[in-house]
Amino acid sequence: QLYAQRLLRLRELREERERAAAACREREAARRRGGEELQARAQAEWAAFQARKKAVAVFSLGRRPGSRAAAAAAVDRIQARERDKEQQVREARVENIKLKHEIQNLETILKAQGELVEGQCLMDFEHMKKENQKHSEKIDDLSDEILNLKKKVLNAVHILSQFREKLHFVEAENEGRKAELMDIETILSQKRDILTKTKQARDRLRRNNLKLQQKRGLLGNEILLRDFEEKTDTAELLSQRLETLKHHHAGLILTCKGIQKKIKEANSSFLA
């Protein structure tokens with residue numbers, strides 16, 4: 001009877017353990033599904049955040065022509081390093097959590113058995129502590145690197161915002177300069193039209209002046225008039241001299257005739 005009772009109790013305990021194990025498996029599966037859902041949502045949000053951050057950085061860096069591809073490449077490199085660091089931190093944290101669970105299990109077992117300070121378990125425990133310390137230090141280093149990267153990203157975003165404000169200011173100033181340039185071009189076009197009309201009027205006046213000069217002859221040309229007067233005076237002097245020479249020539253002719261007549265008379269008287 002005692003054996004049957006113990007066997008029945010053992011069967012009940014086994015069934016209870018199986019039910020507890022089944023409940024644990026169900027809770028584990030539920031928690032795993034919940035963890036996978038949370039991980040998927042976190043990854044989606046992280047990917048959206050990275051895409052948004054990349055878009056903002058590329059938009060800020062790629063405002064100048066030809067610099068969008070270089071900005072995208074630089075942002076991709078920074079995000080790749082950040083993903084690697086995050087992956088390393090995630091793996092180190094997971095390893096740290098596993099080691100903590102193993103340490104807790106070992107502590108529980110050792111406390112239950114009363115052998116916390118015995119032999120190999122103590123060595124394993126110390127080894128686990130050392131490994132945990134190493135992983136903690138690695139996590140701290142990776143966390144510092146991630147903080148440095150985040151600071152660099154924040155500084156880059158701050159600088160990009162300053163450049164964006166300066167770019168907006170320069171664009172506004174350029175718009176003002178463009179408006180001034182359009183006004184100047186309008187005034188210049190008007191002045192050019194006026195200059196063209198003035199040149200046309202000047203050409204007409206020049207042609208009319210040439211026609212009037214051709215019609216007036218020597219009128220108004222002081223040099224030609226002076227030369228004409230000098231030539232006229234010279235012609236008058238030459239005419240007067242010619243008349244004088246003519247009178248002198250006539251006198252000489254008369255004188256010659258008288259001399260010839262006297263010669264003839266002298267010859268006649270000599271012959272007689």
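Residues numbered from 1 in each chain as written. Predicted model: local features only at pLDDT ≥ 70, side-chain atom pairs only at ≥ 80, totals over all residues. Heavy atoms only, no water.

Draft legend 1. Up close: the overall build of the chain. Helix and strand counts for the chain stand at four helices and zero strands. Taken from the N to the C terminus, the helices and strands of the chain come in the order α-α-α-α. For the chain, buried positions account for 10% of its 272 residues. Considering only contacts in the chain between residues 6 or more positions apart, those separated by 24 or more positions represent 64%. A total accessible area of about 23,100 Å² is found for the chain, and carbon and sulfur atoms account for 57% of it. (Helix = DSSP H or I, 4+ residues; strand = E, 2+ residues; numbered from the N terminus. Buried < 20%, exposed > 50% of the residue type's maximum accessible area, 1.4 Å probe, protein only. Contact = heavy atoms within 4.5 Å. Areas by Shrake-Rupley, 256 points an atom, 1.4 Å probe, with all protein chains shown as cover.)

Draft legend 2. Geometry of a positive patch on the surface. On the surface, Arg204, Arg207, Lys211 and Lys215 cluster together into a positively charged patch. Here Lys211 shows up in helix H3 (residues 119-216). (Patch = residues over 30% accessible without salt bridge, like charges linked within 9 Å, V, L, I, M, F, W, Y side chains within 5 Å. Salt bridge = Lys/Arg side-chain N within 4 Å of Asp/Glu carboxyl O. Lys, Arg positive; Asp, Glu negative; His and termini not counted. Charge placed at Lys NZ, Arg CZ, Asp CG, Glu CD.)

Draft legend 3. Focus on the side chain of Glu82. Looking at where Glu82 falls in the secondary structure, it is placed in helix H2 (residues 68-113). On the basis of relative accessible area, Glu82 is assigned to the buried category, the value being 6%. When sequence neighbours within four positions are dropped, the list of residues in contact with Glu82 reads Trp46, Gln50, Lys53 and Leu149.

Draft legend 4. Representation of a nonpolar patch on the surface. Residues Tyr3, Leu7 and Leu10 make up a contiguous nonpolar surface patch of roughly 330 Å² in combined accessible area. Residue position: Leu7 is located in helix H1 (residues 2-61).

Draft legend 5. Inspection of the pattern of salt bridges at higher detail. As enumerated under the stated definition, the model contains five salt bridges in all. Between Arg32 and Glu28 there is a salt bridge; the shortest N-O distance is 2.7 Å. Highlighted residues: Arg32 and Glu28, both in helix H1, separated by four residues, approximately one helical turn. A residue is classified by how much of its surface remains accessible, and Arg32, at 43% relative accessible area, is partly exposed.

Draft legend 6. Structural detail: the environment of Ala57. Along the chain, the position of Ala57 falls in helix H1. In the structure, Ala57 is positioned 18 residues away from Val75 in sequence and 7.1 Å away in space, judged by C-alpha atoms. With residues near it in sequence (within four places) discarded, Ala57 still touches Val75 and Leu160.

Draft legend 7. Spotlight on H1. Compared with an ideal rise of 1.5 Å per residue, which puts 60 residues at 88 Å, H1 spans 84 Å between its outermost C-alpha atoms and is within 8% of the ideal. Along H1, the positions that sit buried rather than exposed are Gln50, Lys53, Ala57, Val58 and Ser60. (Expected span 1.5 Å × (residues − 1).)

Draft legend 8. View of the packing of aromatic side chains. Going through the model one piece at a time under the given rule, you end up with one aromatic pair. Centre to centre, the rings of Trp46 and Phe49 are 5.8 Å apart; their planes meet at 40 degrees, and the pair counts as tilted. With Trp46 and Phe49 both in helix H1 and three residues apart, this pair spans about one turn of that helix. For Trp46, a relative accessible area of 31% gives the class partly exposed. Look at Phe49 and you get partly exposed, because its relative accessible area is 45%. (Phe/Tyr/Trp six-rings, centres within 6.5 Å; stacked < 30°, edge-to-face > 60°.)

Draft legend 9. Spatial organisation of the confidence of the model for the chain. When pLDDT is averaged along the chain, the result is 80, and 88% of the positions lie at 70 or above. Mean pLDDT values over the elements of the chain span from 79, in H2, up to 84, in H1. (pLDDT = per-residue confidence, 0-100.)

Draft legend 10. Spatial organisation of a negative patch on the surface. Together, Glu137, Asp140, Asp141 and Asp144 line one region of the surface with negative charge. One can find Asp141 in helix H3. For Asp141, a relative accessible area of 45% translates into the label partly exposed.

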